[in-house]
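Geometric and topological summary
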Amino acid sequence: MNRKELLRLANTYGSPLYVYDTEKIISQYKKITNAFSSVKNVKINYATKALSNINILKIFNSLKSGLDAVSIQEVKLGLLAGFEPKNIIYTPNGVSLQEIEEVAKLGVQINIDNLSILELFGQKHPDIPVCIRINPHVMAGGNSKISVGHIDSKFGISIHQVPHIKRVVENTGMRINGIHMHTGSDILDIDTFLRASEILFEVAKQFKNIDFVDFGSGFKVPYKKDDISTNIDELGKKLSSRFNEFCKNYGKDVTLMFEPGKFLVSESGFFLAKVNVIKQTTSTVFAGIDSGLNHLIRPMFYNSYHEIENISNPKGRERFYSVVGYICETDTFGSNRRIAEVSEGDILCFHNAGAYCFSMASNYNSRFRPAEVMIYKGKDYLIRKRETFDDILRNQEQVTI
Ligand SMILES: *Cc1c(COP(=O)(O)O)cnc(C)c1O
């Protein structure tokens, strides 16, 4: 996206504003499907929670992508967006048996990640095949906040409990039709990922009638110029040949699945915010914007890095700023950043704002959540209106006091 166009959108729709370039989403989707083109059956299930605007879901549906949903609400959004139930996989954690049954009734693939629910579900619905989420106990990358496959993680059924899973299957007569893992975000090391995959193959072998093996996600995207990202082609080459070999030994062309979120949408997103105030202190120069952790919490939550650009004055002399929000908390987006000289009223652009940005936004400090704009086939569309004061009051019941 060029700066002039982003600036025009900020002027047209106001700030703060999320902008998504669907061309980038489409090219990322193609990158991953191309990397695994030597496997007969491949299915990419976009992880809804990264960016769940229904129009973005429709883009994925138009690409023949499937959907990974972690709540019944995400399942319903997917159905509304036009996905067939069979193209949705539901991978919740810690939800009630009742919610799982409701989703199963919709015809969606269920993925169960604990033994207790597996046994209850199998007893009540032995005719509904389920996928099981395995915890391979491998730290695939990232920090402990975004890694979910390690030994202390709450996710998945331990590989050491496979004998118990098999007993549940035997006792209930249920069928396991898929094996799944998701080891967390930011895979840096392909060999670690492949090691986790071997564990998954080992588990898969022990179930005689599976239809798919789901390797989850965790693909890393670049956050800075020259930043490393998961080498998807290398992973594709290595895992594909290993997967094809697995299918041969298993005696069936099972489907290889992935469920990326960040990889597909992170780089498509730009967050635009206006500078309210420049504040010189004894230690730094703050640029305070008309947003905060209520709109973009990742830097404070995960210590994540978002490139920040001054698109109002791109050729200005570079100076150092700490970019902060207007929330009454310490909401620092970036410390000591080198940015083209910033004046009050300038528009700053945050990169990598597609994944886990709007979807984590809140009304903290009783602020409105921002508007969202989608660029599709060269045209811009408002896909979510900016909130208004009515939205803040909605659902509040006023008691006479
Ligand atoms: C969040 C999530 C993903 C997506 O992870 P990314 O790092 O965004 O690719 C995939 N699978 C499951 C089960 C998830 O919870």
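Worth saying up front: this structure is predicted, and the values here are computed from it rather than measured.

As a further point, take the side chain of Glu 99. Mapped onto the elements, Glu 99 comes out in helix α5 (residues 97–105). This buried residue, Glu 99, is left without a salt bridge; Lys 76 holds the nearest opposite charge, at 8.9 Å. At 2.7 Å, the side chain of Glu 99 and the side chain of Tyr 90 are in polar contact.

To continue, consider the packing of helix α8 (residues 190–205) against helix α9 (residues 232–250). Contact geometry of α8 with α9 gives a least axis separation of 11 Å together with a crossing angle of 15°. Overall, the two elements α8 and α9 adopt an arrangement that is roughly parallel. Classified by chirality, the crossing of α9 by α8 is right-handed. Together, Ile 190, Asp 191, Phe 193, Leu 194, Ser 197, Glu 198, Phe 201, Ala 204 and Lys 205 of α8 and Glu 234, Leu 235, Lys 238, Leu 239, Arg 242, Phe 243, Phe 246 and Tyr 250 of α9 make up the contact between the two elements. For the contact of α8 with α9, the class distribution of residues is ten nonpolar, one polar and six charged.

The set of residues buried in helix α4 (residues 72–80) consists of Ile 72, Glu 74, Val 75 and Gly 78. The arc that holds every buried residue of α4, seen down its axis, measures 160°, which confines them to one face. For α4, the exposed residues lying more than 90 degrees away from the buried face are Gln 73 and Leu 80. Check the buried side of α4 and you find it contacts α3 (54–62), β3 (66–69), β4 (88–90) and α5. One or two steps after α4, the chain reaches Gly 82, where phi turns positive at roughly 105°.

Attention shifts here to α9. Helix length check: α9, at 19 residues, gives a terminal C-alpha distance of 25 Å against a target of 27 Å (1.5 Å per residue), a fit within 8%. Listed as buried for α9 are Ile 232, Leu 235, Gly 236, Leu 239, Ser 240, Phe 243, Phe 246, Cys 247 and Tyr 250. Of the residues flanking the start of α9, the one acting as N-cap is Asn 231, its side-chain oxygen 3.3 Å from the backbone nitrogen of Asp 233. Two residues or fewer past α9, Gly 251 is found with a positive phi of approximately 85°.

Calculation rules
- Residues numbered from 1 in each chain as written.
- Predicted model: local features only at pLDDT ≥ 70, side-chain atom pairs only at ≥ 80, totals over all residues.
- Heavy atoms only, no water.
- Helix = DSSP H or I, 4+ residues; strand = E, 2+ residues; numbered from the N terminus.
- Buried < 20%, exposed > 50% of the residue type's maximum accessible area, 1.4 Å probe, protein only.
- Lys, Arg positive; Asp, Glu negative; His and termini not counted.
- Salt bridge = Lys/Arg side-chain N within 4 Å of Asp/Glu carboxyl O.
- Polar contact = N/O pair within 3.5 Å; in protein donor to acceptor, adjacent residues only side chain to side chain.
- Axes fitted to C-alpha atoms, helices over the stretch in contact; angles between N-to-C directions.
- Parallel < 35°, antiparallel > 145°, perpendicular 65-115°, else oblique.
- Left-handed = near helix turned anticlockwise from the far one by under 90°.
- Contact = heavy atoms within 4.5 Å.
- Nonpolar A, V, L, I, M, F, W, Y, C, P; charged D, E, K, R; others polar.
- Arc of directions from axis to C-beta.
- Expected span 1.5 Å × (residues − 1).

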